[in-house]
Amino acid sequence: MKFSLDWLDDFVDVEAAGGVDGVRRLLDRAGIPIESVERRAEDAILEAEITPNRPDAMGHRGLAREIAAMAGRPMREFAARYAEPEGSGDTTEQLTSIVIQVPHLCRRFGARLVLGTEGRPATEIVRRRLAAVGAKPISAAVDATNYALWDTGQPLHAFDFDRLAGGLLIVRRARRGERLVTLDGVERALESSDIVVADAERPVSLAGIMGGLDTAVTDATRNVLLEAAWWDPATVRRTARRLGLHTDASHRFERGADIDAIPGALNLAARLLLEAAGGAVAPGLLDAQGKLFRIRRTALRLSRLRLLSGDERIGLDFAEEALVRLGFSTERKGRRISVSIPLFRADVRREDDLVEEVLRVWGYDRLPSRLPASASAGSVQEPLREVEDRLSDAAAAAGLFETVNYPFVDRTADEELWADWLRLTESAPEPLPLANPLDASRRHLRATLLPGLLDAAARNLRRGASGVGLFEVGRSFGAAGQSDHPESYESRRFAFALAGERRSHWSFPEKLRPADFFDARGVVERLLEPWVAPKDLRWKPARVAALTEGAGALVRTAAGELLGLAGLVSGAERERRGLAVPVFAGEILVGAIPSGAKPFHFRELSTMPAITADLSLTHPMDLTWEELSAFVVGRNLAHLESFHCLDRYEGPGVEGGKIKTTIRLTFRAVDRTLEQEKVNSEVRRLAAELSALPGVAFGA
Amino acid sequence: MASDPIQALLGSFREEIGRGVSTRGEFERLKGRFLGREKGLVPELFARLKTLPPGERGAFGARANAAKTEIEEAVRRLGAELERREAASRDRAAAVDVTLPGRRPRRGGLHPITVVRRRIEDIFLRMGYSIADGPELENDFHNFEALNFPPEHPARDAQDTLLVDRPAASPLLLRTHTSPVQIREMRKHGAPLRLIVPGRVYRKDEVDATHSPVFHQVEGLVVDHGISMADLKGTIAAFLEALFGKGTKTRFIPTFFPFVEPGVDVSMTCIFCRGDGCPKCKGSGWIEIMGAGMVHPRVLQGVAIDPEEYTGFAFGLGIDRVALLKYGFPDLRLLFEGDERFLAQFAGEA
């Protein structure tokens with residue numbers, strides 16, 4: 001909001017306040033920072049940032065009050081400026097009348113008549129000052145209202161009196177179906193929640209927002225009715241928002257105008273109009289009143305002032321002086337001040353608000369600075385955050401980069417192929433839409449992180465990366481929540497995607513191996529290891545359209561709790577996401593991880609030598625490693641310490657439909673050196689029992 | 001006179017060893033010729049001992065032993081010398097261009113937002129704060145009403161809200177700030193309280209270099225007996241100095257947030273010019289970094305904490321903005337594109 005230093009000087013001696021720089025410093029301290037200053041020959045234009053609680057500072061008089069209070073200087077005498085202009089002829093009351101039908105929403109409505117004006121421009125000083133604050137000079141009548149607005153902060157409106165049917169004004173609710181062409185030439189359909197100013201026949205102004213075109217003053221206007229009122233902030237805001245209108249008037253009324261400023265603003269506007277365009281002012285101000293405000297009184301205790309400020313140096317003498325300078329009336333009562341709050345400070349309601357007023361004048365920079373003395377109860381972390389942080393660390397250590405992706409998706413385009421996964425996680429039978437999306441084509445909240453992550457992977461590949469490894473920790477959303485528990489719509493997720501070559505060095509001599517399912521599964525195993533040992537994870541093939549059949553799996557705990565999925569992204573999903581190369585991806589349900597500490601016990605180390613034995617068998621493909629290893633465990637081989645899959649082979653030399661698996665078995669006794677023959681006999685026993693399984697054979 | 005065999009042997013040996021050897025083969029041949037167990041010239045010399053008359057054996061034996069010692073010693077030295085030369089040559093073969101880059105184990109990295117968030121968390125954990133969390137999908141009650149934003153209040157304009165299209169008693173929305181977690185934590189735990197809440201927040205902002213509909217904040221809340229503005233000032237000063245480095249000064253100016261009273265805009269020494277004034281700080285030497293204030297008594301009353309017994313302060317700052325300032329990248333959009341070339345730059349920061 002722009003202010004003219006020259007205009008401010010009408011109310012406070014700006015030279016004595018330190019000129020532009022001094023004023024700027026004072027307003028900073030007041031909490032009205034000056035964004036920029038434009039210096040002109042006779043003036044300086046200040047661009048001030050005014051928070052929505054301070055409509056009182058949205059005029060030169062109000063801003064000057066802040067400057068004076070902060071500078072500790074008196075305001076200049078300005079009563080004459082707002083004094084009633086000398087009138088002649090019939091009184092306003094004889095010429096027109098006002099009816100307020102909504103006294104809570106229009107608490108005061110004032111009007112003045114200036115008759116017999118000529119269509120002339122405003123005086124030079126009015127035009128100059130309006131131009132300085134960015135208001136385009138229009139005509140003597142319009143400029144008079146605008147000037148009074150920028151002077152007092154009170155919005156006004158000028159009607160062509162002769163165009164008002166019946167020569168009267170009625171403040172009422174709009175009727176359904178009524179229409180009004182506003183000053184901007186747009187026809188507005190009104191609703192019964194809107195308040196209008198009407199003449200005997202029709203609405204002539206959208207209350208507090210914009211006047212009507214039909215009754216606006218023009219060069220031909222001779223008789224002008226000036227109007228200033230107080231409008232209910234919430235009502236103005238609702239209507240303005242619905243119609244997409246934001247005006248100087250609505251901006252102030254939404255924030256709360258000063259009901260006491262109405263007469264002075266009308267007097268000033270009438271005199272300016274008279275000066276520029278001649279004519280005569282009808283004697284008397286027509287002042288219709290709705291439901292009036294009561295003056296509020298609040299006590300300010302010294303103890304509260306010192307408690308909140310933490311400053312023992314501030315006393316009530318200072319507080320009282322500061323409040324008076326800001327326009328409050330005070331009365332000392334021992335260790336407290338009884339304060340009457342002026343109506344222009346609707347933002348000040350309670351004691352702590354008064355503390356702020358006093359401290360603004362005192363200066364926040366003068367307050368002492370220390371750390372809270374109270375003993376801390378010790379810090380705790382929300383448990384899932386810790387899980388998420390550990391997942392992220394492990395993923396970063398595994399070579400993946402963390403991303404943050406927008407959660408706005410289209411269910412069909414982005415998540416259709418993941419439907420089986422969404423169904424399994426029970427999070428999103430239907431998508432959760434936004435009522436006012438940024439982009440109508442992405443109006444749903446994501447139910448899985450994977451499509452967004454795959455899009456990020458595709459972006460990297462498009463930009464020339466030969467490989468990419470990404471992850472994200474975030475939330476997904478589903479419609480299956482309970483509306484009174486917003487958190488129930490959320491699911492915390494971890495997702496990753498791995499694609500293409502992962503070259504890490506200029507001279508790695510070994511051949512690059514394309515990523516496969518086991519890289520993806522390995523990532524999941526490593527990530528979950530702090531809570532679930534890899535051997536305690538259960539993997540089962542998944543049927544999810546976005547994953548390749550046979551190369552995607554669901555992972556659960558031994559107890560059957562679903563933890564996530566991982567696999568090779570299917571051709572169909574890759575096509576949708578624009579991925580030309582194979583991509584492996586997975587998602588973990590963070591909330592499902594049994595995040596209590598995993599029981600951990602130290603195992604005795606044996607100093608005895610181990611004996612290893614390799615066993616190769618050919619078997620049908622549908623005998624899984626999980627079944628095979630369960631079988632081995634079930635044989636209870638003496639001194640078997642561990643075993644793992646050493647190799648898998650299918651191809652020439654192995655019958656079709658079969659695969660050759662080599663198992664490496666490690667035997668060790670804790671207390672003595674094992675004899676080779678004992679190991680051999682156990683391996684023979686295992687081989688014999690395996691041979692009994694259908695389709696299992698040894699040798700080539 | 002028949003030549004003295006010992007002198008002859010020594011002469012021949014000295015001549016040969018004088019020529020030196022250049023390969024292991026030459027050395028082995030030399031060694032074998034003189035010291036070889038079967039046909040070596042030195043064992044042959046001792047074999048000759050038996051053919052001598054007994055009276056000469058003593059003197060001959062002594063001289064032969066001396067010759068053997070000399071030859072053995074010389075061969076040992078030559079062997080050691082050869083060993084050194086060979087080792088040096090092996091080392092030369094292992095030499096590399098040490099200016100080539102090392103084979104670093106591959107690693108990924110945390111997002112710059114995470115890097116900054118963890119720095120901030122570390123600072124407050126050391127000050128005894130807990131870390132709390134709340135849902136990103138919130139309702140109007142927690143996001144606005146309980147924080148003293150009346151319905152139809154212009155203060156809501158600054159936080160253009162993404163609304164969830166789902167009927168609910170209190171309208172559902174994506175939280176516009178982390179402050180609703182203040183309400184949740186105070187309702188759950190009451191006072192006293194000392195916590196921070198890092199998290200993702202949403203506003204209906206079109207994407208450009210300085211705006212994003214998704215961004216990140218850290219909220220702080222302390223409620224206890226006797227908490228004052230002085231405590232707020234000290235805490236923020238300590239925090240910003242820890243985050244941006246020693247000598248970072250802070251400045252408080254009044255401002256308005258519905259849920260605090262008094263409310264404060266916190267500026268800090270411009271990190272680009274260290275306070276001298278530059279285009280980034282519009283010549284003021286200060287840059288705005290966070291908002292703060294004393295918890296509004298209505299907010300406390302709303303969560304059944306007596307504002308006469310307890311007071312508190314709250315603060316909030318944007319993690320994205322801190323990352324932008326700290327790392328000097330020009331465009332917020334980089335944070336949300338997932339470009340590995342951008343992300344990899346922060347791998348060393350975590």
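Residues numbered from 1 in each chain as written. Chains lettered and ligands numbered in written order. Predicted model: local features only at pLDDT ≥ 70, side-chain atom pairs only at ≥ 80, totals over all residues.

## Some words on the overall build of chain B
So the rule is basically this: Per the convention used, a helix needs a DSSP run of H or I reaching at least four residues, while a strand needs a run of E reaching at least two, with both numbered from the N terminus. The globule rule used here is 2.2 Å times the number of residues to the 0.38 power, and the radius of gyration it is set against is calculated over C-alpha atoms. Burial in this document is a count-based property: other C-beta atoms within 10 Å of a residue's C-beta are tallied, and the residue is buried at 20 or more, exposed at 12 or fewer, or partly exposed in between, with C-beta positions derived from the backbone.
When helices and strands are counted, chain B shows 11 helices and nine strands. Computed over its C-alpha atoms, the radius of gyration of chain B comes to 43 Å, more than 25% above the 20 Å expected for a compact globule of 350 residues. Expressed along its principal axes, the backbone C-alpha trace of chain B runs to roughly 135 × 50 × 45 Å. Here chain B holds 350 residues, and 42% of them are scored as buried.

## Digging into the interface of chain B and chain A
Interface size is commonly expressed as the accessible area that is lost once the parts come together. This is how it is decided: Residues are treated as contacting if the C-beta atoms built from their backbones sit within 7 Å of each other. Ten residue types, Ala, Val, Leu, Ile, Met, Phe, Trp, Tyr, Cys and Pro, are classed as nonpolar, four, Asp, Glu, Lys and Arg, as charged, and the remainder, Gly among them, as polar.
Taken together, the contacts link 75 residues of chain B with 82 residues of chain A. Residue classes in the side of chain B that touches chain A are distributed as 40 nonpolar, 15 polar and 20 charged.

## Observations regarding the confidence of the model for chain B
Rules: pLDDT gives the predictor's per-residue confidence on a scale running from 0 to 100.
Considering every residue of chain B, the mean pLDDT works out to 90; 97% of them sit at 70 or more. The ipTM assigned to the predicted complex is 0.86, against a pTM of 0.84.

## Looking at the domain arrangement of chain A
Threshold: Domain start and end points were adopted from an automatic or database domain assignment.
Along its sequence, chain A is organised into domain 1 (2-77), domain 2 (92-289), domain 3 (296-362), domain 4 (383-592) and domain 5 (611-698). Centre-to-centre, using C-alpha coordinates, domain 1 of chain A lies 56 Å away from domain 4 of chain A.

## Considerations on the environment of A:T92
Residues and elements named next belong to chain A. Assignment of secondary structure puts T92 in helix α4 (residues 92-95). Between the C-alpha atoms of T92 and R112, which are 20 residues apart in sequence, the distance is 6.5 Å. If near-sequence neighbours (up to four positions away) are discounted, T92 is found in contact with A111, R112, L113, A282, G284, L285 and L286.

## A short note on the nonpolar core
Residue and element names in this part refer to chain A. Definition in use: Remark: nonpolar core denotes a set of buried Ala, Val, Leu, Ile, Met, Phe, Trp, Tyr and Cys residues whose joining runs through C-beta atoms within 7 Å.
With 187 residues, the main nonpolar core has I67 and A457 as its most contacted residues. Every residue in contact with I67, bar those within four places of it in the chain, is listed here: L8, V12, A17, V23, L26 and L27. Within the second largest apolar cluster, 69 residues are counted, among which are V171, I195, V196 and A265.

## Concerning unusual backbone geometry
Residue B:A191 is joined to B:P192 through a cis peptide bond whose omega torsion reads -5 degrees. Residue placement: B:P192 occurs in the loop between α7 (180-189) and β4 (193-202). The amide bond that connects B:E261 to the next residue, B:P262, takes the cis arrangement and shows omega of -5 degrees. Mapped onto the secondary structure, B:P262 falls in strand β7 (residues 260-269). Backbone geometry at A:N636 places phi at a positive 50 degrees, although glycine is not the residue there. Along the chain, A:N636 falls in the loop between α19 (625-634) and β30 (640-649). Judged by the 8 C-beta atoms lying within 10 Å of it, A:N636 falls in the exposed class.

## Let's talk about the sheet that holds strand β22 (residues 444-445) of chain A
Residues and elements named next belong to chain A. Selection rule: When DSSP finds two or more bridges between a pair of strands, those strands are recorded as paired.
Strands sit in the order β20-β22-β21 across an open sheet of three strands; the sheet is antiparallel. Each edge of the sheet is formed by a strand with only one pairing partner; in this case those strands are β20 (408-409) and β21 (432-433). Where β20 lies against β22, two bridges are found, and the strand directions are antiparallel. Following the sheet pairing, F408 is matched in β22 by L445.

## Structural notes on the pairing of strand β24 (residues 490-500) of chain A
Residue and element names in this part refer to chain A. Burial runs high along β24: 11 of the 11 residues are buried. Pairing of strand β23 (residues 467-477) with β24, which is carried by 11 bridges, proceeds in the antiparallel orientation. Each residue of the ladder has a partner; that of E472, found in β24, is A495. Two elements, β24 and strand β28 (residues 583-589), share seven bridges in a ladder whose sense is antiparallel. When the bridges of β28 are listed, F494 appears paired with I588.

## So, the environment of A:K658
Residues and elements named next belong to chain A. Positionally, K658 belongs in strand β31 (residues 658-667). Overall, K658 belongs to the partly exposed group, with 17 C-beta atoms counted inside 10 Å. Not counting the four nearest positions on each side in its chain, K658 is found in contact with T618, H619, P620, M621 and G695.

## Comments concerning the sheet that holds strand β10 (residues 195-198) of chain A
Residues and elements named next belong to chain A. If you walk across this open sheet you meet the five strands as β4-β7-β10-β11-β12, and the pairing is mixed. The open sheet terminates on both sides in strands that have one partner only, identified here as β4 (97-100) and β12 (210-211). As defined by bridge partners, β4 adjoins strand β7 (residues 168-173) across four bridges and the pair is classed as parallel. Looking at β7, one finds that I100 is bridged to V171.

## Overview of the pairing of β30(A)
Residue and element names in this part refer to chain A. Across the 10 residues of β30, one count as buried, placing the element largely on the outside. Of the strand pairs in this sheet, β30 and β31 are connected by eight bridges, and their pairing is antiparallel. Each bridged residue has a counterpart across the sheet, and for S642 the counterpart in β31 is T666.

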